[in-house]
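Below are the chains, spelled out letter by letter.
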Amino acid sequence: MTTNEALINYCLRLGDSSLILGQRMSEWCSNGPILEEDIAMSNIALDLFGQARIMLTYAGKIEKKGRTENDLSFKRLEREFLNNLLSERPNGHFGDTVARNFFLSAFSFHLYSALKASADEQISAFAIKSLKEVTYHLRHSAEWIIRLGDGTEESHTKIQDSIENLWEYTEDLFAMNEVDKILIKEKIAIDLNTIKPLWNKTINEILTKATLNQPENSFMQSGSLDGMHSEVLGHLLTEMQFLPRAYPTAKW
Amino acid sequence: MPEAYRKHLQRQISQHAHSEIIGMQPEGNWLLRAPSLRAKVVLLAKIQDEAGHGLYLYSAAETLGKSRTEYLNELRTGKAKYSSIFNYPTLTWADMGAVGWLVDGAAIVNQVSLQRTSYGPYARSMVKICKEESFHQRQGYEIITDMARGSEAQKEMAQDALNRFWWPSIMMFGPHDSDSPNTGNAVKWKIKRATNDELRQSFIDKTVHQAEIIGLTIPDPDLKWNEKRGHYDFGEMDWDEFWRVVKGGGPCSKQRLKHYNDAHNSGEWVRKAAKTYAEKQQLKQDVA
Amino acid sequence: MSNTDSQGPIWEVFIQSKPGLAHKHVGNLHAADKEMALQNARDLYTRRKEGTCIWVVPFDAIVSSTPEDDEAFFEPSNDKAYRTPTHYIMPEGAKHI
C-alpha cells in the first residue's frame, strides 16, 4: 500500500464518520424534545456535514479519479464505507443519541487535538477547524449526560442503559491497521493508543459527575476498518442515496 | 391594550408560530434523501431557521400574557390552526423546490408587509425573520430551476410539483377580503398592513414571470395579463377544498399533528429530567 | 405565566456583536438551567456570525417599569433642557472642545 492509498483510506474514515453521524443527527429534525434542542441538534449535523465535505473532497482529489464529495457519498456501497460503527448506531431515544454523541465527540476531540500537528496540511487544517466544532459538541453532549444522569430516576436508568448498550461499539473507535502504520511513520496520523487514556479520562470524569457507572469491557464490536458494518448502515444508505441512484445521469 | 386587539394578536402570532413549526415536517420529509451534500446542508439550515422563526414568534406571542406551553397545548389538541399549505404532502424532490419557491415566496410577501404591523414585538420578530429568510425562496427557486432545465424526468417532476402546489400556495393568503371575517379589524388596527387579496395579487404578479423564465406553466387557464389593471387576472380558487383543509381535511392534517405530538410526548421524560436537575442544582446553591 | 411550564423558564439573551461594543438585547428562549440557556442562545442567536459574547439572564431577574409608571418616571425630565448641550449659547466664533 502506498502512502497516498493509505491517506485516501484515512480521509474516508474521517469523512464517512462525520457524514453518517450527520445523517443520523438530521433524523432529529422536527423530533427534538424541545424546540431549542431541535435547533442545537441541527447545528451539530451541519457541522458534521461540513467536516464530511472537506474530507471527502480531499479524498477524491488525491485519489485522482475525478470523484467528488457527492460521488463518494452517494455512489459507494455498504462495504466501501469506512465510518466507525458507533456513528451509524440508530438514534433511539434522546438518551441513546446523547450517549453516542458523547462517546464520539470525546473521541473526535482528542483525535483532532492530536491531528492538528499532522504533517499533512489538509488533515491539519481539517483538525484545527473541526476541533472547534467538536469542542462544542462535547460540551453539549456532556452537559446532557449530566442532566439525564443526575435528573429523575427514570432518566438516570435510561441514560445508564444507553451507555451500557453502546459501550461495545467504543473499542472500534481505536482500531488501527496497515493504513495507520504507514501514516504514523509519515507523521500524518497518530497512534490511537496515545489518546485512549485521554478519552477514558474524559468519559470517566463526566460519568462520575453524572452519577453514572462506566461499563466494563466484555464483548466488543469491531470491523469498521474493513467495511464490516452493522445491518443498519445499509438502510441508512438506501435512504440517503435514493435520488442519485434512481436518476444516475441527473444533475441536482 | 384593548382585549379584542390582544386576542387577535394572540391568535395570529401563535398561528404563525405553529405554521413555522409544522412547516418543518414537509421539508424534513426529504432532508435524509437530499441528492447532494450541498442540497442537504442548505435544506437543513433552512428547516432549522424555521424552528428558530417559530421560536421568535412564540416569544412575541408570550409578551401577550400567555405562555409557550399554553400555545403549544392549543396546537397539540388541534384547537389552534396553522397554515393549511403544510397539510399537503411533499411527494418528490421537486416539491422542495416548489415549497421554497411558492410557499416561502407567499410567506415572504406576507411577512414583508407584517414588518410594519402595529404590535412592536411582532414587528421586530418579522424584521428578524425577513432578514434570515431572504435565502429560503432563492433556495427553492434554484432547485426548481435546476430541475426544469435538467433531464426530461426532472422537468416533469418540476411541472408536477408546480401543478400540485400552485393553488394551495395562492390560497395561503386566505379567503377573499369580502369573505374574511377577521380582515376588517386587523386592517383597522394596523395588525395587517395589506388585505388578503392585495397580497395574493402581488405574489402572483411576481411569480408568473419567474415561471416563464424557467419554462414552466402555471396551471391556471384563466391567467392573463390585464393591461388596464396593471396586474394578472387569474382563475377562481377551489374554496370548497380551502375550507375542507382549514377544517382538518387535508391529506396530511392528521399525520402532521401526530408527528408533532409524538415528538412532544417522547421528549417528556427529557424535559422532566432537565427540570429536576435544575431544581437540584438550585437547591445545592441555596444550601451553600 | 403558568408554573406547569413544559418548556422551562424564560431567559433573556444579550449579544455583543463586536469586542468593545455593549451587549444588546436580541430576544429570549426557554431552558431548564443556565448552561442550557447559554448553549441554546449560542445555537439560536449566533447562527450567522452575530456574536462575540453572550449573556443570558433569567426573565424573573428583570425588574421592569410598567406603562402606569410612565408619567411619574419619564415626564419630569421633559422640562430639563439644561441637561443637553444645545441649551447653551456659545459666543460667536468659539470652538467646541
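On a predicted model such as this, the values are computed, not experimentally measured, just so you know. (Residues numbered from 1 in each chain as written. Chains lettered and ligands numbered in written order. Predicted model: local features only at pLDDT ≥ 70, side-chain atom pairs only at ≥ 80, totals over all residues. Heavy atoms only, no water.)

Explain the environment of Lys34(C) to me, please; I cannot follow it from the model alone.
Residues and elements named next belong to chain C. Mapped onto the fold, Lys 34 is located in helix H1 (residues 34-45). In this structure, the C-alpha to C-alpha distance between Lys 34 and Val 56, residues 22 residues apart in sequence, is 7.5 Å. Sequence-distant contacts of Lys 34, defined by excluding residues within four places in its chain, comprise Trp 11 and Val 56. (Helix = DSSP H or I, 4+ residues; strand = E, 2+ residues; numbered from the N terminus. Contact = heavy atoms within 4.5 Å.)

Just to check I follow, could you spell out helix H7 (residues 178-185) of chain A for this structure?
Owing to its 3.6 residues per turn, the α-helix brings residues three or four apart onto one side. Residues and elements named next belong to chain A. Among the residues making up H7, those that are buried are Val 179, Asp 180, Ile 182 and Leu 183. Looking straight down H7, one finds that the buried residues subtend no more than 165° of arc, so they occupy a single side. Exposed side chains of H7 directed beyond 90 degrees from the buried face belong to Lys 181 and Lys 185. Against helix H1 (3-26) lie the buried residues of H7. Structurally, the start of H7 carries an N-cap: the backbone nitrogen of Val 179 is 3.0 Å from a side-chain oxygen of Asn 177. Looking one or two places after H7, you find Lys 187, whose phi comes out positive at around 60°. (Buried < 20%, exposed > 50% of the residue type's maximum accessible area, 1.4 Å probe, protein only. Arc of directions from axis to C-beta. Polar contact = N/O pair within 3.5 Å; in protein donor to acceptor, adjacent residues only side chain to side chain.)

Even after reading the chapter, I still don't get the interface of chain A and chain B, so can you show me in this structure?
Often, the extent of an interface is quoted as the loss of accessible area on bringing the components together. Tallying the contact residues gives 47 residues for chain A and 43 residues for chain B. In this assembly, chain A packs against chain B so that about 3,900 Å² is buried in total across both faces, 71% of it on carbon and sulfur atoms. Where chain A touches chain B, the interface holds 2 salt bridges. Here Asp150(A) and Lys280(B) are joined by a salt bridge, their closest N and O atoms 3.2 Å apart. There are 12 residue pairs in polar contact (both at pLDDT 80 or more) connecting chain A and chain B. For the side of chain A that touches chain B, the elements supplying multiple residues, two or more each, are H1, helix H2 (35-63), helix H3 (69-74), helix H4 (94-115), helix H5 (121-149), helix H6 (153-167), helix H9 (232-240) and helix H10 (242-246) of chain A. In terms of residue count, the dominant contributor to the side of chain A that touches chain B is H2(A) (11 residues). Here the side of chain A that touches chain B is composed, by residue class, of 22 nonpolar, 14 polar and 11 charged. (Buried area = accessible area lost by both parts, 1.4 Å probe. Salt bridge = Lys/Arg side-chain N within 4 Å of Asp/Glu carboxyl O. Nonpolar A, V, L, I, M, F, W, Y, C, P; charged D, E, K, R; others polar.)

I keep staring at the sheet that holds strand S2 (residues 24-30) of chain C and nothing clicks. Help me out?
Strands pair in a sheet through their backbones, by hydrogen bonds, and they do so in one of two ways: parallel or antiparallel. Residue and element names in this part refer to chain C. Reading across from one edge, S2-S1-S3 is the order of the 3 strands in this open sheet, with antiparallel pairing throughout. A single partner strand is all that each edge strand has here, and the edge strands are S2 and strand S3 (53-58). Ignoring strand direction, the axes of neighbouring strands in this sheet form an average angle of 30°. Here 6 bridges tie strand S1 (residues 10-16) to S3, and the two strands are oriented antiparallel to one another. Across the sheet, residue Glu 12 finds its bridge partner in S3, namely Val 57. The sheet contacts of H1 involve S1, S2 and S3, and relative to S2 the element is tilted by about 115°. (Pairing = 2+ DSSP bridges. Axes fitted to C-alpha atoms, helices over the stretch in contact; angles between N-to-C directions.)

What's the story with the pattern of salt bridges in this structure? I'm lost.
Pairing is possible between side chains of opposite charge, provided their charged atoms come close. For the structure shown, the criterion picks out 34 salt bridges over all chains. When the shortest N-O distance is used, the salt bridge between Asp49(B) and Arg48(C) registers 2.6 Å. Taken together, the positions of Asp49(B) in helix H3 (residues 37-62) and Arg48(C) in the loop between H1 and S3 put the pair across two chains. The exposure class assigned to Asp49(B) is buried, which follows from its relative accessible area of 2%. Here Asp197(B) ties to Arg200(B) by a salt bridge, and the two come within 2.8 Å at their closest N and O atoms. You can see Asp197(B) and its partner Arg200(B) sitting in helix H9 (residues 196-213), 3 residues apart, about one turn around the helix. On the basis of relative accessibility, which here comes to 25%, the residue Asp197(B) falls in the partly exposed class.

So what exactly am I meant to see when it comes to the nonpolar core here?
Note on soluble globular proteins: their nonpolar side chains tend to be buried together. Core analysis: the biggest nonpolar cluster contains 180 residues, and Leu111(A), Ile123(A), Ile145(A), Trp93(B) and Leu29(C) have the highest contact counts within it. Each residue touching Ile145(A), except ones within four places of it in the same chain, is listed here: Val98(A), Ala99(A), Phe102(A), Ile159(A), Ile163(A), Ile206(A), Leu207(A), Ala210(A) and Leu212(A). (Core = buried A, V, L, I, M, F, W, Y, C linked by side-chain atoms within 4.5 Å.)

Just to check I follow, could you spell out unusual backbone geometry for this structure?
Outside of glycine, negative phi angles account for most residues, and trans bonds account for most peptide bonds. Residue and element names in this part refer to chain A. For Lys 64, which is not a glycine, the phi torsion comes out positive at approximately 60°. The exposure class assigned to Lys 64 is exposed, which follows from its relative accessible area of 70%. One non-glycine residue with positive phi stands out, namely Lys 187, at about 60°. Counting through the fold element by element, Lys 187 comes out in the loop between H7 and helix H8 (196-209).

What's the story with the environment of Glu36(A) in this structure? I'm lost.
Within the secondary structure, Glu36(A) is located in helix H2. Those residues in contact with Glu36(A), other than ones at most four positions away along the chain, are Leu55(B), Arg68(B), Leu29(C), His30(C) and Asn40(C). Side chain to side chain, Glu36(A) and Arg68(B) meet in a polar contact 2.6 Å long.

Would you mind going over the interface of chain C and chain B with me for this structure?
Facing the 19 residues of chain C at the interface are 21 residues of chain B. For the pairing of chain C and chain B, the buried interface totals around 1,700 Å² over both sides, and the portion due to carbon and sulfur atoms is 49%. At the boundary of chain C with chain B, the tally comes to 4 salt bridges. The salt bridge partner of Arg48(C) is Glu132(B), with a shortest N-O separation of 3.6 Å. If you look at where chain C meets chain B, you find 8 residue pairs in polar contact (both at pLDDT 80 or more). Element by element, the count of residues in the side of chain C that touches chain B is highest for S2(C), at 4 residues. Residue composition of the side of chain C that touches chain B, by class: 8 nonpolar, 6 polar and 5 charged.

Mind showing me how you'd approach the packing of helix H5 (residues 94-114) of chain B against helix H7 (residues 152-171) of chain B here?
Packed helices, taken two at a time, are described by the angle their axes make and the gap between the axes. Residue and element names in this part refer to chain B. Here H5 crosses H7 at 30°, and the two axes come no closer than 9 Å. Considered as vectors, H5 and H7 are oriented roughly parallel to each other. As for how H5 packs across H7, the hand of that crossing is right-handed. Contacts between H5 and H7 involve Ala 94, Asp 95, Ala 98, Val 99, Trp 101, Leu 102, Val 103 and Ala 106 from the first element and Met 157, Ala 158, Ala 161, Leu 162, Arg 164, Phe 165, Trp 166 and Ser 169 from the second. (Parallel < 35°, antiparallel > 145°, perpendicular 65-115°, else oblique. Left-handed = near helix turned anticlockwise from the far one by under 90°.)

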